[in-house]
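# What the coordinates show
Single-letter residue listing:
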Amino acid sequence: MSGCEFESLEDCLESHLPQAELSEVKRILFGKETLKLDLPVCAVDAASKRDFELKGYRFEAALEQLRPPRRIRVGLIQHRIVLSTDAPILDQINAMHSRIGEMVEVAAMCGVNIICFQETWTMPFAFCTREKEPWTEFAESAEEGNTTRFCQELAKKYNMVVVSPILEREELHDTLWNTAVVISNSGNVLGKSRKHHIPRVGDFNESTYYMEGDTGHTVFQTQFGKIAVNICYGRHHPLNWFMYSMNGAEIIFNPSATVGALSEPMWPIEARNAAIANHCFTCAINRVGTENFKSEFTSGDGKKAHHDFGHFYGSSYVAAPDGSRTPGLSRTRDGLLVVEMDLNLNRQISDKWSFKMTGRYAEYAEELTNAVRYDFKPNIVKE
Ligand SMILES: NC(=O)NCCC(=O)O
């Protein structure tokens, strides 16, 4: 079986492990048995008719005496491109809009309050090619583009916060950015968060198109909680997650596009570790499928010229501050993951483990300031 056919690690364990061992394996792999969330029959039927996976889980918190529970639902959407990469640009974008529209409708049936799509969801992840045309034509204004208008309609219709990661064209300077637009459930654009770290690894030739983002570690106060967006490669940088958390993020979304050969063993660890280290929820979303491009490309890594990135392995999941996590969505299919979380869990775990209190940040800040100076002398004792 090839890497792009293997459906999911969890399904494999479920079908091959004896029941007694399975619950121990799940406890160790996922922190504890993840509780299933009952989803409405109409949603389950619609997902099946529209040919995507629908899964629901919930994370509970202890009941407190002074604070009511803060239960909210997030939705994570992963999907393939709909048309081939050489179809007319507008047809590709419109096809993606209608696919997402039908998935968001199911999220609304499931009571989702905040939905997040995958990185640059309106287009193929064409940055491997290093060709400017036609891919830069997918770029749109974050504030006034058609995709933002489409998401504003969804937000208003379903009373849902929409996180829409796109290729942004900033018209003022005619520059491109990799940007997540955050749209309030009122339908207003709340703001945007630009990708903070740009990869220079494998075929991820994104630095040919856009620079490191200039929006810092913005956190968005929504009706359903404080959220932040750490786009893809930023998940390898613990300080990046940390700064969103320092600014008060209760949920950090990580819309991504990454392939099996490069990052799959790291995927289950990084967002989960960030949830633990920062006492918050994290939501990792990856696209699915293999995208083929007409012209061959190379990336100076000795590989023969090729037409695709390899397999985007999906596996979107949510991690909680207590170290537990949901199983991932499929490695091969479009999917919607609906997760109910009680945001009170963040403070409960912070009070228990106290990483923010024991962090010695002032000392690290001083050491780091020295470490990045050109005349830095490492603190090493030699015989
Ligand atoms: N989209 C993106 O930044 N991918 C880089 C590879 C990775 O972070 O796994």
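Residues numbered from 1 in each chain as written. Predicted model: local features only at pLDDT ≥ 70, side-chain atom pairs only at ≥ 80, totals over all residues. Heavy atoms only, no water.

The name that an unreviewed UniProt entry assigns to the protein is Beta-ureidopropionase, with the source organism given as Scophthalmus maximus. As recorded by UniProt, the Function (unreviewed entry) comment attached to the protein reads in full: "Catalyzes a late step in pyrimidine degradation. Converts N-carbamoyl-beta-alanine (3-ureidopropanoate) into beta-alanine, ammonia and carbon dioxide. Likewise, converts N-carbamoyl-beta-aminoisobutyrate (3-ureidoisobutyrate) into beta-aminoisobutyrate, ammonia and carbon dioxide." Among the UniProt annotations of the protein, the heading Sequence similarities (unreviewed entry) holds the following wording: "Belongs to the carbon-nitrogen hydrolase superfamily. BUP family." (UniProt positions renumbered as here; feature names shortened; annotations may be inferred.)

## Some words on the UniProt feature "domain: CN hydrolase" (unreviewed entry) in the protein
Cross-referencing UniProt, the feature "domain: CN hydrolase" (unreviewed entry) maps to residues 72-343 in the present numbering. The span residues 72-343 is 22% helical and 29% strand by assignment, and the distance between its end C-alpha atoms comes to 8 Å. (Helix = DSSP H or I, 4+ residues; strand = E, 2+ residues; numbered from the N terminus.)

## Brief notes about the sheet that holds strand β11 (residues 281-286)
Across the sheet, which stays open at both edges, the 5 strands sit in the order β8-β9-β10-β11-β16 with mixed pairing between neighbours. Single-partner strands in this sheet number two, and they are β8 (220-222) and β16 (317-319). Looking at each pair of strands side by side, their axes are set apart by 25° on average, direction ignored. As paired strands, strand β9 (residues 225-229) and strand β10 (residues 251-256) are joined by 3 bridges and run parallel to one another. Looking at β10, one finds that V229 is bridged to F253. Packed onto the sheet, helix α6 (residues 238-246) meets β9, β10 and β11 and runs at close to 140° relative to β10. (Pairing = 2+ DSSP bridges. Axes fitted to C-alpha atoms, helices over the stretch in contact; angles between N-to-C directions. Contact = heavy atoms within 4.5 Å.)

## Details of the packing of aromatic side chains
Summed over the entire model, instances satisfying the criterion amount to 17 aromatic pairs. Judged by centre distance (5.8 Å) and plane angle (50°), the rings of F59 and F281 are tilted. Residue F59 is located in strand β2 (residues 53-59), and its partner F281 is located in strand β11; the two are separated by 222 residues in the primary sequence. In terms of burial, F59 and F281 fall into one category: buried. (Phe/Tyr/Trp six-rings, centres within 6.5 Å; stacked < 30°, edge-to-face > 60°. Buried < 20%, exposed > 50% of the residue type's maximum accessible area, 1.4 Å probe, protein only.)

## A closer look at the site of the ligand
Taken together, 14 residues surround the ligand, and among them E119, K195, C232, H236 and T258 come closest. Contact distances for the ligand include 2.8 Å between a nitrogen atom and a side-chain N or O atom of E119. With respect to the ligand, the backbone of Y233 contributes an N or O atom lying 3.4 Å from an oxygen atom. Across the complex, the protein chains shield 99% of the 280 Å² of accessible surface that the ligand would expose by itself. (Near = heavy atom within 4 Å. Polar contact = N/O pair within 3.5 Å; in protein donor to acceptor, adjacent residues only side chain to side chain. Areas by Shrake-Rupley, 256 points an atom, 1.4 Å probe, with all protein chains shown as cover.)

## Thoughts on unusual backbone geometry
Looking along the chain, the bond that leaves E133 and enters P134 is cis, with omega of 5°. In this structure, P134 sits in the loop between β4 (114-116) and α5 (146-158). We note that D174 has phi near 50°; this positive angle belongs to a residue other than glycine. As for its placement among the helices and strands, D174 is situated in the loop between β5 (161-170) and β6 (175-183).

## Some thoughts on the confidence of the model for the protein
Should pLDDT be low for a region, the predicted coordinates there are not to be read in detail. With 100% of its residues at a pLDDT of at least 70, the protein reaches an overall mean of 97. In the predicted assembly, ipTM is 0.99 and pTM is 0.98. (pLDDT = per-residue confidence, 0-100.)

## Points about the nonpolar core
Core analysis: the biggest nonpolar cluster contains 33 residues, and L54, I115, F117 and L336 have the highest contact counts within it. Secondary-structure elements contributing two or more residues to this core are α3 (41-49), α4 (89-109), α5, β5, β6 and β17 (335-342). The greatest single-element share of this core, amounting to 6 residues, is contributed by α4. The contact partners of L54, leaving out residues within four places of it in the chain, are L39, A43, V44, A47, V106, C110, L336 and V338. (Core = buried A, V, L, I, M, F, W, Y, C linked by side-chain atoms within 4.5 Å.)

## A closer look at the environment of S330
With respect to the element layout, S330 can be found in the loop between β16 and β17. In this structure the C-alpha to C-alpha distance between S330 and W121, which are 209 residues apart in sequence, comes to 18 Å. Setting aside anything within four residues of it in sequence, one finds S330 in contact with E7, E53, Q78, V288, Y313, G314 and S315. A polar contact of 2.5 Å, which involves the side chain of S330, links it to the side chain of E7.

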